[in-house]
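Structure at a glance
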Amino acid sequence: MFRQSLLPPPLPLAPLSALFTGLLRSALRRNPGVLARMGGRADARFLLDATDAPTLLLLQPSARLLTAVSRRQKAPAHDALIRGNLAGFLAMLHGAMDGDALFFSGALSISGDTSAVLALRNALDDAELDLSDEVAAFARRGAPLARLAMRGIARGTGLLLARPATDFAGVLP
């Protein structure tokens with residue numbers, strides 16, 4: 001579990017949604033295979049409930065929308081719900097933890113259209129996304145500052161915000 005007290009207070013939902021949607025659109029431009037890999041399941045609406053985060057997220061891949069939703073309001077219409085802690089979501093995104101292992105251990109739960117969830121997970125696995133790289137690309141000229149901020153947030157919270165480096169030194173003969 002990460003230390004939430006080190007995170008800034010959440011932004012109002014509209015600017016937060018605009019920021020998340022901009023980041024999603026940038027990531028999909030850089031990784032067009034994600035939507036192609038999802039096929040018809042890209043039209044699904046995924047409600048992401050990182051149980052230790054201040055808001056829910058509604059992901060609509062084909063519409064290229066990632067909307068922040070208050071926990072106090074009724075959950076929006078969705079085809080699938082994915083629930084777990086933020087650290088698990090990020091570790092799965094970065095390939096440090098297997099989605100199946102998280103599901104079978106109970107750290108992650110899914111309900112609704114499981115085939116859409118599998119399509120999303122497979123597409124993200126294939127893309128090998130790195131959140132820090134995506135944030136830096138989205139920041140454009142502010143990329144160096146964005147990378148510095150992401151490293152600081154990762155250090156302060158213990159969250160995995162980038163793909164772990166693979167060190168092949170000593171592996172090859």
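As a reminder, the structure under discussion sits directly above these lines.
Residues numbered from 1 in each chain as written. Predicted model: local features only at pLDDT ≥ 70, side-chain atom pairs only at ≥ 80, totals over all residues. Heavy atoms only, no water.

**Here we look at the overall build of the chain**
A tally of helices and strands in the chain yields seven helices and five strands. Going from N to C terminus, the chain has its helices and strands arranged as α-α-β-β-β-β-α-α-β-α-α-α. Within the span of the chain, comprising 173 residues, buried residues form 39% of the whole. The contacts in the chain between residues at least 6 apart in sequence include a share of 66% that link residues at least 24 apart. Looking at the chain as shown, the accessible area adds up to about 10,000 Å², and 60% of this sits on carbon and sulfur atoms. (Helix = DSSP H or I, 4+ residues; strand = E, 2+ residues; numbered from the N terminus. Buried < 20%, exposed > 50% of the residue type's maximum accessible area, 1.4 Å probe, protein only. Contact = heavy atoms within 4.5 Å. Areas by Shrake-Rupley, 256 points an atom, 1.4 Å probe, with all protein chains shown as cover.)

**Some remarks on the side chain of Thr-21**
Among the structural elements, Thr-21 can be located in helix H1 (residues 13-30). The buried category is assigned to Thr-21, whose relative accessible area is 9%. Ignoring anything within four residues of it in the chain, the contact list for Thr-21 reads Arg-64, Leu-65 and Leu-66.

**Some words on the sheet that holds strand S5 (residues 108-112)**
With mixed pairing, the five strands of this open sheet are ordered in space as S3-S2-S1-S4-S5. Each having just a single partner strand, strand S3 (65-70) and S5 make up the two edges of the open sheet. Each adjacent strand pair in this sheet contributes to an overall mean axis angle of 20 degrees, direction not counted. Pairing geometry for strand S1 (residues 46-50) and strand S4 (residues 80-84), over five bridges, is parallel. Residue Ala-50 lies in a different strand from S4, and its bridge partner there is Gly-84. (Pairing = 2+ DSSP bridges. Axes fitted to C-alpha atoms, helices over the stretch in contact; angles between N-to-C directions.)

**Overview of the pairing of S4**
Extensive coverage of S4 is indicated by the burial of four of its five residues. Bridge analysis of S4 against S5 gives five bridges, and the strand direction is antiparallel. Bridged to Arg-83 within S5 is Ser-109.

**As for the side chain of Ser-17**
Of note, Ser-17 is situated in helix H1. Owing to a relative accessible area of 12%, Ser-17 belongs among the buried residues under this scheme. Side-chain polar atoms of Ser-17 contact the backbone nitrogen of Ala-68, separated by 2.8 Å. Here Ser-17 is in contact with Leu-66, Thr-67 and Ala-68, once residues within four sequence places are set aside. (Polar contact = N/O pair within 3.5 Å; in protein donor to acceptor, adjacent residues only side chain to side chain.)

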